[in-house]
Amino acid sequence: MVFRKLMAAFGAGVEVDTVLANTGVRPGELLRGVVHFRGGKADYKVEGIHIDLTAVVEVESGDNEYKSTYSFLRQQVSGPFQLAAGAQHQHPFELAIPWETPISAIAGQPLRGMRLGVQTELALAGALDKGDLDPLFVSPLPVQEHVIAALDRLGFRFKKADLERGTLYGSTMPFFQEIEYYAGGTWRRHFNELELTFIAGPGKMDVILEADKRGGFLTSSHDAYNRFTIRYDDPPGAADQALERGLEKMARHRGWF
């Protein structure tokens, strides 16, 4: 374990280490872990422990763009308890990963451009202190994996992923994920790039496609948009069909279908 000293400014010297049992989870699953404490030079009353799930989000402000850390779930995992000087204490916890949590790993590999984490917040001596960010890797739901694999088969090539500030219709998150692709295969005739967004729930998921459409002779390029719903109990192949219909609808605006 790697203990980190908190509350140094208050002379408390309390050290904490959060160990996650499963750093790789899917939306809707439980994240489990244990918060370990080591007391300082005196007895202290810990007023509470909170766990924050956080994400690094791109924020646009006028002509500027910067990154900011957003908390998208904050849960109290312990009430007050006494921490004796030099004593060690541990507190297990579990919390449900929100269905709309963005994907940050695919096939066990970190998704480029994404940064999710877990922070432990300690309330002590009338003040709050947060530990460092422990990485959290969220893998796709099976239906999300299916859509991503279908795009690969259609020739789309992954470019990058990021989180943008804003709340989409049907979402409760203060940000949304964009997984960006270069168009490939036959779709290169229609699109330059494609952006993929998921809004997942316990029984169904909305898929949002936004494409940068190629301009034709005497026409300029512009964006096309499509949104459709996939239910988790849909028959096999339904996701593929819905995806291809969505792509075709966007391409039809130029009369190529």
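Report on the accompanying structure.

The rules behind each value
Residues numbered from 1 in each chain as written. Predicted model: local features only at pLDDT ≥ 70, side-chain atom pairs only at ≥ 80, totals over all residues. Heavy atoms only, no water. Helix = DSSP H or I, 4+ residues; strand = E, 2+ residues; numbered from the N terminus. Buried < 20%, exposed > 50% of the residue type's maximum accessible area, 1.4 Å probe, protein only. Contact = heavy atoms within 4.5 Å. Areas by Shrake-Rupley, 256 points an atom, 1.4 Å probe, with all protein chains shown as cover. Core = buried A, V, L, I, M, F, W, Y, C linked by side-chain atoms within 4.5 Å. Polar contact = N/O pair within 3.5 Å; in protein donor to acceptor, adjacent residues only side chain to side chain. Salt bridge = Lys/Arg side-chain N within 4 Å of Asp/Glu carboxyl O.

1. Some points on the overall build of the protein chain
Move 1: Along the backbone of the protein chain there are two helices and 19 strands.
Move 2: The 257 residues of the protein chain split such that 46% are buried.
Move 3: Long-range contacts, defined as pairs at least 24 residues apart, comprise 60% of the intrachain contacts of the protein chain with a sequence gap of at least 6.
Move 4: Only carbon and sulfur atoms are counted for the fraction: they give 49% of the accessible area of the protein chain, which is about 12,800 Å².

2. With respect to the nonpolar core
Move 1: Residues Phe156, Leu196 and Leu247 are the most contacted members of the largest nonpolar core, which totals 66 residues.
Move 2: Among the elements that line this core, the one with the most residues is strand β5 (residues 44-61), at eight residues.
Move 3: With residues up to four places along the chain from it excluded, the contact list for Leu247 reads Leu154, Phe156, Trp187, Phe191, Leu194 and Leu209.

3. Regarding the side chain of Thr197
Move 1: As for its placement among the helices and strands, Thr197 is situated in strand β17 (residues 191-200).
Move 2: With relative accessibility at 5%, the residue Thr197 sits in the buried group.
Move 3: Polar side-chain contacts of Thr197 include one of 2.8 Å to the backbone oxygen of Gln177.
Move 4: Excluding residues that lie within four positions of it along the chain, Thr197 makes contacts with Leu168, Phe176, Gln177, Glu178, Asp206, Val207 and Ile208.

4. Re the pattern of salt bridges
Move 1: Enumeration according to the criterion identifies 13 salt bridges in this entry.
Move 2: We note a salt bridge from Arg26 to Glu145, for which the minimum N-O separation is 3.2 Å. Remark: Glu145 occurs in helix α1 (residues 142-153) and Arg26 occurs in the loop between β3 (24-25) and β4 (30-38); sequence separation between them is 119 residues.
Move 3: A salt bridge links Asp52 to Arg74, with the shortest nitrogen-to-oxygen separation between them at 3.7 Å. You can see Asp52 sitting in strand β5 and its partner Arg74 sitting in strand β6 (residues 64-78), a full 22 residues away along the chain.
Move 4: The network of salt bridges with common partners includes Lys159, Lys160, Asp162, Glu180 and Glu193.

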